[in-house]
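Results of the structural survey
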Amino acid sequence: MMQQPQIQLEYFVLRYVPNVVCENCINIGVVMVALGGADFGQVRFLGNWTHVLRLDPNADVDLLKALATNIREQIGNREKREQMLQNMKESFSNSIQLSEPQICVSDDPSSELEKLSSQYLPTEVYSA
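Residues numbered from 1 in each chain as written. Predicted model: local features only at pLDDT ≥ 70, side-chain atom pairs only at ≥ 80, totals over all residues. Heavy atoms only, no water.

1. Structural notes on the packing of aromatic side chains
Keep this limit in mind: Under the pairing criterion, centres of Phe, Tyr and Trp rings, with the six-membered ring standing for Trp, must be within 6.5 Å; the plane angle then separates stacked pairs below 30 degrees from edge-to-face pairs above 60, leaving the rest tilted. Helix numbering and strand numbering both begin at the N terminus, where a helix is a DSSP run of H or I of at least 4 residues and a strand a DSSP run of E of at least 2. Note on classification: 1.4 Å probe, protein chains only; a residue is buried when its accessible area is under 20% of the maximum for its type, exposed when over 50%, partly exposed between these limits.
Considering all chains together, one arrives at one aromatic pair under this definition. For the pair Tyr11 and Tyr120, a centre-to-centre distance of 6.2 Å together with 45° between the ring planes defines the contact as tilted. Of this pair, Tyr11 sits in strand β1 (residues 7-19) while Tyr120 is found in helix α4 (residues 109-120), placing the two residues 109 residues apart along the sequence. With a relative accessible area of 26%, Tyr120 lands in the partly exposed category.

2. Overview of helix α2 (residues 61-75)
Note the cut-off: Multiplying 1.5 Å by the residue count of a helix minus one yields the expected span of that helix. By definition, the arc is the one covered by directions from the helix axis to the C-beta atoms.
Taking 1.5 Å as the rise per residue, α2 with 15 residues should run 21 Å; its terminal C-alpha atoms sit 21 Å apart, in good agreement. When we look at burial in α2, the residues that qualify are Val61, Leu64, Ala68, Ile71 and Ile75. Here the buried residues of α2 occupy an arc of 85° about the axis, which is enough to place them on one side. Exposed residues on α2 whose side chains face more than 90 degrees from its buried face are Asp62, Leu63 and Glu73.

3. Comments concerning the packing of α2 against helix α3 (residues 78-91)
Describing two packed helices takes the angle between their axes plus the distance from one axis to the other. Keep this limit in mind: To obtain an axis, a line is fitted to C-alpha atoms, over the contacting stretch when the element is a helix, and the angle between two such axes runs from 0 to 180 degrees between their N-to-C directions. Roughly parallel means an angle under 35 degrees; roughly antiparallel means over 145; roughly perpendicular covers 65 to 115; every other angle is labelled oblique. Residue contacts are counted whenever heavy atoms from the two residues lie within 4.5 Å of one another. Polarity classes work like this: nonpolar for Ala, Val, Leu, Ile, Met, Phe, Trp, Tyr, Cys and Pro, charged for Asp, Glu, Lys and Arg, and polar for all others, with Gly in that last group.
Remark: α2 packs on α3, axes separated minimally by 8 Å, with the N-to-C direction vectors making an angle of 140°. In terms of axis orientation, α2 runs oblique to α3. Across the interface between the two elements, Ile71, Gln74 and Ile75 from α2 touch Lys80, Arg81, Met84, Leu85 and Met88 from α3. The residue makeup of the contact of α2 with α3, split by class, is five nonpolar, one polar and two charged.

Structural data, given as C-alpha cells:
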C-alpha cells in the first residue's frame, strides 16, 4: 500500500483577548493551511462559547460566531484564502489575536488539525 505524501502545513491559534492590558485570553480557534502546491485549508472553532463568557461576561459571542463562520467559509476557497489570511495577520491585534505561525508535516492534514484542536481548544466539543 502506497503511503500518502507528506504535506507541509502552517497553523496558528486564534485567541480572544478581552483586555490586552491584563493579558487574559482564551483560545477560540485553530487555522491550518498547506504550504506549497497542496490545496488544504481548514479551521476548527469552539462549539461551546461558555468559556469565553466565563472569561468575559460582556463578550459579543454573536460577533465571534460570525467571525468563525466567515473564516470557515473563506478558508476552504483557495482563491479567497490568501487574502483572508493576509487580512487576519494585518488587522487582528486587539481582542482577536493570532499566535505565531507554526509549521508541521503530515500525510493527513485533517487528522493533524483534529489533534491540534484537542490540544489547543478547551475540552468541550469544537466545531468543524
